[in-house]
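Structural overview
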Amino acid sequence: MTDLDQLTQSLARNLRRLRTERGLTLDALAARAGISRGMLIQIEQARTNPSVGTVVKVGDALGVSITTLLDFEQTPVVRLVPAGQAVRLWSTEAGSHGTLLAGTEAPGPLELWRWRLMPGEGHASDPHPPGTSELVHVTAGVLTLAVDGTDHPVPAGTSASFESHVPHGYRNDGTEPVEMTMAVSVPAAPR
């Protein structure tokens, strides 16, 4: 089984379990996540490899992190994630990428990411649920952080925090790669 097959199977199993635990029908979860019922069925039957955006929407609707949706096994009290097990969730041919390093569920989903943005590239994000916050620390280059239509330059060595319930994105308008670490905290969904 390939890594992608394992991720697809884990996503299907975890989505079914979490939806059932919360007493949500396919229609209710689809409406809450803003995706089609058919897409949820395909994900639960491991017949598709959904986009990162779709997985984020499903996680937000369930009140869990991407880490929980893709988790291969039960989470121990202390969970070590070796570099080889970090999950690269998006990438471009030029070398930009976003890698989920670790995550937890208490008190709500909390994710730790490592990103690289190559010159001229960017990544846009849909608004997250109200109460979601992000922390970014740039270690190389100059990040252009766009939040609700306003650009903020974030040079290496600088950190930024913002509420991400509005349209936001990350761009590299410079000539050198941007390296950054990001934490995303999502409030727990009502059960």
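Going by the structure above, here's the rest.
Presented here is a report on the structure given in the accompanying data block. (Residues numbered from 1 in each chain as written. Predicted model: local features only at pLDDT ≥ 70, side-chain atom pairs only at ≥ 80, totals over all residues. Heavy atoms only, no water.)

**As for the packing of helix H2 (residues 26–33) against helix H3 (residues 37–44)**
Here H2 crosses H3 at 110°, and the two axes come no closer than 9 Å. By the criterion of interaxial angle, the relationship of H2 to H3 is roughly perpendicular. In the packing of H2 onto H3, the handedness of the crossing is right-handed. Taken together, the residues of H3 that come into contact with H2 (itself represented by Leu26, Asp27, Leu29 and Ala30) are Arg37, Leu40, Ile41 and Glu44. Across the contact of H2 with H3, the residue classes tally to five nonpolar, no polar and three charged. (Axes fitted to C-alpha atoms, helices over the stretch in contact; angles between N-to-C directions. Helix = DSSP H or I, 4+ residues; strand = E, 2+ residues; numbered from the N terminus. Parallel < 35°, antiparallel > 145°, perpendicular 65-115°, else oblique. Left-handed = near helix turned anticlockwise from the far one by under 90°. Contact = heavy atoms within 4.5 Å. Nonpolar A, V, L, I, M, F, W, Y, C, P; charged D, E, K, R; others polar.)

**Here's the deal with the packing of aromatic side chains**
In the structure shown here, the tally under the stated rule is three aromatic pairs. For the ring pair Trp90 and Trp115, a centre distance of 5.0 Å and an interplane angle of 75° mean the geometry is edge-to-face. Of this pair, Trp90 sits in strand S1 (residues 87–91) while Trp115 sits in strand S3 (residues 110–117), placing them 25 residues apart in sequence. Pair check on accessibility: Trp90 and Trp115 agree, each one buried. (Phe/Tyr/Trp six-rings, centres within 6.5 Å; stacked < 30°, edge-to-face > 60°. Buried < 20%, exposed > 50% of the residue type's maximum accessible area, 1.4 Å probe, protein only.)

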